[in-house]
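# Survey of secondary and tertiary structure
This is what each chain is made of:
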Amino acid sequence: APYMAAYVASKHAVVGFTKSIQAEQKLNKSAVQVCLVLPGFIDTAMINRGQKLGFPEWLSWLLSKPESVATEIVKGVTANKAEVNPTLNGRMLQRLHRYFPEQVTLSGRMALTKSFKDLLLNRYDL
């Protein structure tokens, strides 16, 4: 994600930390379980829809509703899942990144364009 290095680094740190704790809990046969939640894009104020470096309005159909995300997280935790991926957009990005990491990284430019036409013409709104 362009211009979000600190945010992305902290997300990677949380994932690594959580997986490490999960491994330790398993080795120690602990009754305490830790669940990693990978939420994807959720329609909240943090998204900053339509702002200069915010989520492009033309991609707003990708955003998940907070209520449905919360419901999926509760289901996953209740089922003792080690990992919960509650949004379709998050699951899609995770799978695509597994097989096409470079293309997913390059697709970050979608976040820098205000319309599909601008994306096709490589016009970024910086």
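Before reading further, recall that the structure is shown in the block above.
Parameters and conventions
Residues numbered from 1 in each chain as written. Predicted model: local features only at pLDDT ≥ 70, side-chain atom pairs only at ≥ 80, totals over all residues. Heavy atoms only, no water. Patch = residues over 30% accessible without salt bridge, like charges linked within 9 Å, V, L, I, M, F, W, Y side chains within 5 Å. Areas by Shrake-Rupley, 256 points an atom, 1.4 Å probe, with all protein chains shown as cover. Salt bridge = Lys/Arg side-chain N within 4 Å of Asp/Glu carboxyl O. Helix = DSSP H or I, 4+ residues; strand = E, 2+ residues; numbered from the N terminus. Buried < 20%, exposed > 50% of the residue type's maximum accessible area, 1.4 Å probe, protein only. Polar contact = N/O pair within 3.5 Å; in protein donor to acceptor, adjacent residues only side chain to side chain. Contact = heavy atoms within 4.5 Å.

Turning to a nonpolar patch on the surface, a few remarks are in order. Together, Leu-88, Met-92, Leu-96, Tyr-99 and Phe-100 give the surface a local cluster of nonpolar side chains, amounting to about 530 Å² of exposed area. In this structure, Met-92 sits in helix H3 (residues 88-99). Relative accessible area serves as the criterion here: at 39%, Met-92 is assigned to the partly exposed category.

Of note, Lys-29 is a non-glycine position whose phi angle comes to about 50°, a positive value. Tracing the chain through its elements places Lys-29 in the loop between helix H1 (5-27) and strand S1 (36-37). Residues other than glycine seldom take positive phi values, yet Asn-80 does so here, at roughly 60°. Here Asn-80 shows up in the loop between helix H2 (66-78) and strand S2 (83-84). Residue class for Asn-80 comes out exposed when judged on its relative accessible area of 52%.

So, about the side chain of Asn-85. Within the secondary structure layout, Asn-85 lies in the loop between S2 and H3. Here the side chain of Asn-85 touches Gln-94 through a polar contact of 2.6 Å, side chain to side chain. Not counting residues within four places of it along the chain, the set of residues in contact with Asn-85 comprises Leu-38, Gly-90, Arg-91 and Gln-94.

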